[in-house]
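# Topology and contacts: notes
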Amino acid sequence: MANKVKVFGKAQNRTSLGIAHAYVVMYPQATLDDLRKAFPNSICPDKGVPENFLPVEEAEKYNANMSLYFVKPDEVIELQDGSKVALCQVWSKPSFERMVEQGKLYDIEVAEFEKAMKGEKGGYRLEYLNGYVPPVPVPSKKGFPWWLWLLLALLAIGVIVALCLPREEKVVEVEKIVEVEKEVIIRDTVFVQQVEEIEKNFNAAQFAKGKADLTDDSKIALHDLAKVMKQNPDMRLRIEGHTSAEGDAAVNQKLSEARAQAAVDFLVNKEGIDASRLEAVGKGSSELKDPENPTSDVNRRTEFEIL
């Protein structure tokens, strides 16, 4: 049978995370128990913890003393029931090879990967093969339990009684409003910081001079960006390409447009992000980051602007 999903990764442990993610994409109804059956503990006996997969809350307890699980927002595996699962991050070469062989049972192929350099964050991305289209998750059709119907009935009675009572002057609870605003600010700050970090990784994977072709490292960064956008469905993004002032201005303008469009096309065609949520803009050399040094490399950049 032809393989359906290919995992491109950097570092053994993050490629293993990519294999587990591919399985959940192919089997959207999968539960934590299904993950454990598909990739049993015998695959990775050297992880230093009792389970390959744990709910994120439990995994964070292990990480209090030593980082043993992937628990960051862009690393956890989200299941259809809303639960979040963490994969162990200690993988020896034999364990990784067993993980790759296990993935083949589910038509998951793993590409050759480069080892992450010291201090460099690894990553992974998925590519669908042979015309494969992942299944669309089907919402659960379970009916309400009897006690929930009873609770709804009691709430309805309470609302009716409240409407019949004399109305008093409404008191605004300022403290609660402040807490809600604080929560929104903190949540927004988290994904803004994620996008800024991904932007740095994308720019570190530089385009070849005069080219608009994405490198493997830049694709991994865009895969991480797609995950953030899927976790925040209201987010819209403008991708801006910038060049230095070196060379012809008209050529630089077209090159910056092509580079921005290449990133947008990858997010739409490979990652499934709706095109209406993205804009590609080329600025050429019109907005130099370092005007004092117009040919400096710092002027050659791509910016991700949240709209």
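Above: the structure in question.
Right, let's walk through the structure included here. (Residues numbered from 1 in each chain as written. Predicted model: local features only at pLDDT ≥ 70, side-chain atom pairs only at ≥ 80, totals over all residues. Heavy atoms only, no water.)

Let us now look at the sheet that holds strand β3 (residues 77-78). Within the open sheet, the three strands sit side by side as β2-β4-β3. Their pairing is antiparallel. What marks the edges here is a single partner per strand, and that holds for β2 (53-55) and β3. Of the strand pairs in this sheet, β3 and strand β4 (residues 84-87) are connected by two bridges, and their pairing is antiparallel. Across the sheet, residue Ile77 finds its bridge partner in β4, namely Val85. (Pairing = 2+ DSSP bridges. Helix = DSSP H or I, 4+ residues; strand = E, 2+ residues; numbered from the N terminus.)

Another point: the nonpolar core. Tyr23, Leu35, Phe39, Phe53, Tyr69, Ile77 and Ile108 are the most contacted members of the largest nonpolar core, which totals 41 residues. Elements represented by at least two residues in this core include exactly β1 (5-10), α1 (12-26), α2 (32-38), β2, α3 (56-62), β4, α4 (93-104) and β6 (123-128). Val195, Leu214, Ala260 and Ile273 belong to the second largest nonpolar core, which has 23 residues in total. (Core = buried A, V, L, I, M, F, W, Y, C linked by side-chain atoms within 4.5 Å. Buried < 20%, exposed > 50% of the residue type's maximum accessible area, 1.4 Å probe, protein only.)

What follows concerns the packing of helix α7 (residues 216-231) against helix α8 (residues 249-269). The contact between α7 and α8 brings their axes to 10 Å, and the two run at 55°. Relative to α8, α7 is oriented oblique. Considering how the two elements wind past one another, α7 and α8 form a crossing that is right-handed. Facing α7, whose interface residues are Lys219, Leu222, His223, Leu225 and Ala226, α8 presents Ala263, Phe266 and Leu267. (Axes fitted to C-alpha atoms, helices over the stretch in contact; angles between N-to-C directions. Parallel < 35°, antiparallel > 145°, perpendicular 65-115°, else oblique. Left-handed = near helix turned anticlockwise from the far one by under 90°. Contact = heavy atoms within 4.5 Å.)

The subject of this paragraph is the packing of aromatic side chains. Applying the stated criterion across every chain, the model contains eight aromatic pairs. Judged by centre distance (4.9 Å) and plane angle (40°), the rings of Tyr23 and Tyr27 are tilted. Here Tyr23 falls in the buried class, since its relative accessible area comes to 8%. What makes Tyr27 partly exposed here is its relative accessible area of 35%. Ring centres of Tyr23 and Tyr106 lie 5.1 Å apart, and the angle between their planes is 75°; this geometry places the pair in the edge-to-face category. Taken as a pair, Tyr23 in helix α1 and Tyr106 in the loop between α4 and β5 (108-110) lie far apart in primary sequence, 83 residues in all. Aromatic ring contacts, followed pair by pair, group Tyr23, Tyr27, Phe39, Phe53 and Tyr106 into a single cluster. When the ring centre of Phe8 is taken as origin, the NZ or CZ atom of Arg125, which lies over that ring, is 4.1 Å away. (Phe/Tyr/Trp six-rings, centres within 6.5 Å; stacked < 30°, edge-to-face > 60°. Lys NZ or Arg CZ within 6 Å of the ring centre and 35° of its normal.)

Next up on the list: the pattern of salt bridges. Counted under the stated rule, the structure contains 15 salt bridges. Residues Arg238 and Glu305 are paired through a salt bridge, measuring 3.1 Å at the closest nitrogen-oxygen approach. Residue Arg238 is found in strand β7 (residues 237-242), and its partner Glu305 is found in strand β9 (residues 301-306); the two are separated by 67 residues along the sequence. Taking the relative accessible area as the measure of exposure, Arg238 reaches 22% and is therefore partly exposed. (Salt bridge = Lys/Arg side-chain N within 4 Å of Asp/Glu carboxyl O.)

The phi angle at Ala11 is positive, at roughly 90°, despite the residue not being glycine. One non-glycine residue, Asp107, adopts positive backbone phi at about 60°. Topologically, Asp107 is positioned in the loop between α4 and β5.

So, on to the pairing of β7. With five of six residues buried, β7 lies mostly within the body of the structure. Where β7 lies against strand β8 (residues 278-284), six bridges are found, and the strand directions are parallel. Of the residues in β8, the one forming a bridge with His242 is Gly284. With α8 bridging β7 and its parallel neighbour β8, the resulting β-α-β unit is right-handed. Note that β7 and β9 share six bridges and pair antiparallel. Residue pairing for β9: Leu237 is matched across the bridge by Ile306. (Right-handed = clockwise from strand over helix to strand, strands pointing away.)

This part takes up the sheet that holds β5. Strand order across the open sheet formed by three strands is β5-β1-β6, with mixed pairing between neighbours. With partners counted over all chains shown, the strands left at the sheet margins are β5 and β6, one partner each. Shown here is a sheet whose adjacent strand axes are inclined to one another by a mean of 25°, direction ignored. Two elements, β1 and β5, share three bridges in a ladder whose sense is parallel. Of the residues in β5, the one forming a bridge with Val7 is Val110.

In terms of burial, β1 is largely enclosed, as five of its six residues are buried. Direction of pairing for β1 relative to β6: antiparallel, over a ladder of six bridges. Following the sheet pairing, Val5 is matched in β6 by Tyr128.

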